[in-house]
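Listed here are the chains, written in short residue letters.
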Amino acid sequence: MAIARNLLLLISALSSSSVTSAASSSSGLPFVINTWGGPFTAATDAAYLALVNGTAATALDAVEVGCTTCEANQCDGSVGYGGSPDESCETTLDALIMDGATFAAGAVANLRRVRSAVGVARAVMEHTAHTLLAGDQATAFAVQNGFVEEDISTPDSRAACAEWRAAACQPNYRVAVSPDASVSCGPYTPLQVDNTTSAQTQASHDTISMIAIDASGAMAAATSTNGASHKVPGRVGDGPIVGSGSYVDGEVGGCGATGDGDIMMRFLPCYQAVESLRRGLTPQEAADDAVARMVRKFPTISSGIVVVDNQGRHGGAGSGWTFTYAYRGGVMNETVVVSVPPIDTADSSLAYRGQIQL
Ligand code: ASP
């Protein structure tokens, strides 16, 4: 039986390629899954191989390895140093790590001048009784813990910021200000708010959120991002928020998110999805449900979440774009990327319908 099962796993692994529908069966352990394909698959491979070859002893180590890989190679530019400069041209980082066995968690928000955001998040988890440190004081904590403080801008991020300023600072996130932020740079002063003014939706973004299950079945999750391009300095996204950027309960499953964090953090979509798993929904149903809740209130939101149960069965859902996620587990010899078309909440065949009263 075991040989036949392994053979089946091997056949499905060997035929791995980009597919267009979410897979719900498990590839076996160890297992790694994360938001986005393309350049993000180097992180999937790094975390998976670290578990296979033992350089990562635990799922927690694996998600740190995976997110650190993305921070070091910048993935698509949306993770790590030199991406998403804010209005003042500075790159700042948000990250979270969570242990699904102990519920320990550590996070950094608006981390300045340090590259290894997920590493600092782990230090917050392991060397403080806190969960989240922010800004310059997170930087000071990082330095106390042996991380290097340095300029994390690059020629590319400086050029992107200069170009944005030359284009009248478009797009930006200011609302109800003078001068008119839709045509002009600041400095801005506040105007009386009326109900006709609305914020720009996030223009440029991505994030790595990763969940791992090690060979013992233990789970962990992590998120790392440089947030939203041209954000207001000090802005913190959904990435470092437990239950929003990612979430994991080893008794149930885990979830990782990407998308318009300013809106997504109001819904705690990963907490929602894991709790839906606990109530008996499949990973696909839980993902559809969490995204549908956001789309119902914000029809144009860009979002993507990947959900995995503690057996490695997975699903994903997104809105506003074609979301992709990547996974590798068991004896798979390469990472598979799953492409998820935007959710159509009018589609009555959607798995979540009938399960949840929205
Ligand atoms: N969620 C990230 C943020 O808002 C960006 C993204 O994943 O697209 O900071």
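Predicted model only: the values in this text are computed from it and were never measured.

(A) Region of the structure containing the overall build of the chain. Counting its regular elements, the chain contains nine helices and 14 strands. Accessible area for the chain stands at about 14600 Å²; split by element, carbon and sulfur atoms hold 53% of it.

(B) Examining the pairing of strand β12 (residues 314–319) more closely. Burial analysis of β12 places six of its six residues in the buried class, the great majority of the element. Burial along β12 is two-sided: His-314, Gly-316 and Gly-318 facing one way and Gly-315, Ala-317 and Ser-319 facing the other are all buried. By the bridge criterion, six bridges tie strand β11 (residues 303–309) to β12 in an arrangement that is antiparallel. Directly across from Ile-305, in β12, lies its bridge partner Ala-317. The turn joining β11 and β12, which pair antiparallel and follow one another in sequence, is formed by four residues; a positive phi near 95° is taken by Gly-312.

(C) Examining the environment of Ser-224 more closely. The residue Ser-224 is located in strand β8 (residues 219–225) in this model. Spatially, the C-alpha atoms of Ser-224 and Thr-207 are 6.1 Å apart, while their sequence positions differ by 17 residues. At a separation of 2.6 Å, a polar atom in the side chain of Ser-224 contacts the side chain of Glu-71.

(D) Local environment of the UniProt feature "binding site: substrate" (unreviewed entry) in the chain. When the UniProt feature table is mapped onto this chain, "binding site: substrate" (unreviewed entry) is found at Arg-235, Val-236, Gly-237, Asp-238, Thr-258, Gly-259, Asp-260 and Gly-261. Take Arg-235: it is sitting in the loop between β8 and β9 (246–249). Judged by its relative accessible area of 13%, Arg-235 falls in the buried class. By the element assignment, Val-236 lies in the loop between β8 and β9. Since its relative accessible area comes to 25%, Val-236 is described here as partly exposed. If near-sequence neighbours (up to four positions away) are discounted, Val-236 is found in contact with Asp-94, Ala-109, Asn-110, Asp-262 and Met-265.

(E) Layout of the sheet that holds strand β2 (residues 92–99). Read from one edge of the open sheet, eight strands run β4-β3-β2-β8-β7-β1-β13-β14, paired in mixed fashion. In the strand order of this sheet, the two ends are held by β4 (132–134) and β14 (336–340), each with one partner. Strand-to-strand twist of the sheet, defined as the mean angle between neighbouring strand axes without regard to direction, takes the value 10°. As judged from the four bridges shared by strand β1 (residues 31–35) and strand β7 (residues 208–213), these two strands associate in the antiparallel manner. Bridging across to β7, Ile-33 finds its partner in Ile-211. Here helix α2 (residues 41–53) sits on the sheet in contact with β1, β7, β13 (323–329) and β14, set at roughly 20° to β13. The sheet strands contacting helix α4 (residues 117–127) are β2, β3 (105–112), β4 and β8, and the helix crosses β3 at an angle near 135°.

(F) Focus on the UniProt feature "active site" (unreviewed entry) in the chain. Mapped onto this structure's residue numbering, the UniProt feature "active site" (unreviewed entry) falls at Thr-207. Beyond its immediate sequence surroundings of up to four residues, Thr-207 is in contact with Thr-35, Trp-36, Phe-40, Ser-78, Val-79, Thr-223, Ser-224, Thr-225, Ala-257 and Thr-258.

Rules used in this analysis
- Numbering of residues begins from 1 in every chain and follows the order in which that chain's sequence is written.
- Owing to the predicted nature of the model, reporting of local features is limited to residues with pLDDT of at least 70; listing and counting of side-chain atom pairs is limited to 80 or more, with chain, interface and lining totals taken over all residues.
- Only hydrogens and water are set aside; all other atoms, that is, all heavy atoms of the structure, feed into the side-chain values.
- Per the convention used, a helix needs a DSSP run of H or I reaching at least four residues, while a strand needs a run of E reaching at least two, with both numbered from the N terminus.
- Only the protein chains shown count as cover for residues, with accessible areas throughout obtained via the Shrake-Rupley method and a probe of 1.4 Å.
- The rule is simple: take the accessible area with a 1.4 Å probe, protein chains only, and divide by the maximum for that residue type; under 20% is buried, over 50% is exposed, in between is partly exposed.
- Pairing between strands requires that DSSP locate at least two bridges from one strand to the other.
- Identification of polar contacts relies on pairs of N or O atoms within 3.5 Å, with a donor-acceptor requirement for protein atoms, meaning one able to donate a hydrogen and the other able to accept it, and with residues adjacent in sequence counted only if both atoms are side-chain atoms.
- UniProt positions are given in the numbering used here, feature names are shortened, and annotations may be inferred rather than shown by experiment.
- The contact definition used throughout considers only heavy atoms, calling two residues in contact when any of these lie within 4.5 Å.
- Angles here are taken between N-to-C directions and fall from 0 to 180 degrees, while the axes themselves are lines fitted to C-alpha atoms, restricted in helices to the stretch in contact.

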